[in-house]
Amino acid sequence: MNNKIWLSSPHMGGNELNYINEAFEANWVAPLGPNVDGFENDLKVFLNNDVEVAALSSGTAALHLALIQCDVKFGDEVICQSLTFSASANPIAYLGATPVFVDSEFETWNMCPEALETAILERLKLGKRVKAIIVVHLYGMPAKMDELCSIASKYNIPVIEDAAEALGSNYKGKLCGTFGRFGVLSFNGNKIITTSGGGALVCTNQLDKNKTIFLSTQARDEAPHYQHSEIGYNYRMSNVSAGIGRGQMEVLVNRIDSRREMFQFYSRIFSKIEGVNLHAAPNADFYSNHWLTAITLNPEICKISPEKLRLYLASKNIECRPIWKPMHLQPVFATSPYYGTNNSEDLFNTGLCLPSGSNLTDSDRNRIEEALFEVLSK
Ligand SMILES: *Cc1c(COP(=O)(O)O)cnc(C)c1O
């Protein structure tokens, strides 16, 4: 059997172990230390220096702390893109708040501005407290931030950007993760860079960063003994994980280039196969890191369903993944309100994510290309 071609797997740069060794030699094996400070600074510089970054144990933790700082409490509502990974929505439920799901538009596959405004107007009319809007940049594709942010500010609701998949993407030259009151990054194993598990909260100012660190380290008041006036969390990134992150930051730009080359590779293939549409940038305002290349199959032209295609490629030891199943269709969120039509459902039903790793070889690409032509060009 051929080696397995993964959807997206970790890709070390080479220096990660040096940073980890430094941590061991200085015995900084704790959720603080020089690698944590260094990694935060690397991210801040990468994000153009006008933000503050707090390194945390996961992207999910970052979302949780963002919601807390947007004052989300029991009984409040938070608007959230429906077409996303469940981690975007779960922290809303941690706080006893209700997620209100909003549909996607077909150009970017992200939150539809019209559906967002409809949702806000109706929730406000019902007397609900809408405390935040979680916008996702799916698979690295920036959402329509001008439209979404202007609606959010019209109603004075803070935006939390879930940029977990979009480190290095930008919209009109502004990097994803730097638009909202908060931005969320993830360094889980299959993201564009990894710390084996980790995340970060991008803050607009030093006070928010301080508060984030305070909450992530059990909310200790300033006192010689352990004193607490608020509920705290154990969400800080460890100095060992941050060492991996520092090594990964040295190669982030290369990783973005490689992912974007994977997208070009698929563009060439599907220019020769009818009925397959790529999740492509609508115009030059949108610059995707193409963390994952996704496609939709036109059911009238393609003789194969996305699930059959996935299984066929799996039989060739090539891993693909369905599009995220929209949150409003998930049993766990069955009672949550939803605004939109069937766009996200259509994308789920017709779409598929293709292997997109930065570490795929020419021989991997040949295997993928051969398999796609075999099954789709009939
Ligand atoms: C990965 C991911 C998260 C969560 O990040 P973790 O670090 O795995 O907790 C949140 N939102 C989206 C869209 C993601 O892809």
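- Under an unreviewed UniProt entry, the chain has the name GDP-perosamine synthase and belongs to Rhinopithecimicrobium faecis.
- In the Sequence similarities (unreviewed entry) part of its UniProt record, the chain is described as follows: "Belongs to the DegT/DnrJ/EryC1 family."
- Per its UniProt entry, the chain bears the Cofactor (unreviewed entry) comment "pyridoxal 5'-phosphate".

Overview of the UniProt feature "modified residue: N6-(pyridoxal phosphate)lysine" (unreviewed entry) in the chain
Link 1 in the chain: Residues annotated by UniProt as "modified residue: N6-(pyridoxal phosphate)lysine" (unreviewed entry) correspond here to Lys191.
Link 2 in the chain: A relative accessible area of 11% places lysine 191 in the buried class.
Link 3 in the chain: Within the local environment of lysine 191, its side chain forms a polar contact with the side chain of serine 186, the two groups lying 3.3 Å apart.

Quick notes on the nonpolar core
Link 1 in the chain: Counting 36 residues, the largest nonpolar core has Leu43, Tyr139, Leu167, Leu185 and Phe187 as its most contacted members.
Link 2 in the chain: Every element with two or more residues in this core is listed here: α2 (34-46), β1 (52-56), β9 (199-203), α8 (239-249) and α9 (252-270).
Link 3 in the chain: With three residues, the single largest contributor to this core is α2.
Link 4 in the chain: Per-domain counts for this core show at least three residues from each of domain 1 (16-252) and domain 2 (253-376).
Link 5 in the chain: What leucine 167 contacts, discounting residues up to four positions off in sequence, is Leu43, Phe46, Leu47, Leu185, Phe187, Ile192, Ile193, Leu252, Ile256 and Asn289.
Link 6 in the chain: In this structure, Leu56, Leu67, Ala97 and Val184 belong to the second largest nonpolar core, which totals 28 residues.

Focus: the sheet that holds strand β7 (residues 174-175)
The strands making up a sheet are joined through hydrogen bonds of the backbone, oriented either antiparallel or parallel.
Link 1 in the chain: In space, the three strands of this open sheet follow the order β7-β6-β11, with antiparallel pairing throughout. Two strands in the sheet have a free side with no partner beyond their single neighbour: β7 and β11 (286-287).
Link 2 in the chain: As paired strands, strand β6 (residues 170-171) and β7 are joined by two bridges and run antiparallel to one another. Considered in β7, the bridge of tyrosine 171 is made with lysine 174.

Re the pairing of strand β12 (residues 293-297)
Link 1 in the chain: Counting buried positions along β12 yields five of five residues, so the element is predominantly enclosed.
Link 2 in the chain: Neither face of β12 is left uncovered, since the one carrying Thr293, Ile295 and Leu297 and the one carrying Ala294 and Thr296 both have all their residues buried.
Link 3 in the chain: One ladder, built from three bridges, connects strand β10 (residues 276-278) with β12; its direction is antiparallel. Its bridge partner lying in β12, valine 276 is registered against leucine 297.
Link 4 in the chain: Two strands pair when backbone bridges link them, and β12 and strand β14 (residues 351-354) are joined in this way by four bridges, in the antiparallel orientation. What sits directly across from isoleucine 295, in β14, is leucine 352.

Thresholds applied
- Residues numbered from 1 in each chain as written.
- Predicted model: local features only at pLDDT ≥ 70, side-chain atom pairs only at ≥ 80, totals over all residues.
- Heavy atoms only, no water.
- UniProt positions renumbered as here; feature names shortened; annotations may be inferred.
- Buried < 20%, exposed > 50% of the residue type's maximum accessible area, 1.4 Å probe, protein only.
- Polar contact = N/O pair within 3.5 Å; in protein donor to acceptor, adjacent residues only side chain to side chain.
- Core = buried A, V, L, I, M, F, W, Y, C linked by side-chain atoms within 4.5 Å.
- Helix = DSSP H or I, 4+ residues; strand = E, 2+ residues; numbered from the N terminus.
- Domains from an automatic or database assignment.
- Contact = heavy atoms within 4.5 Å.
- Pairing = 2+ DSSP bridges.

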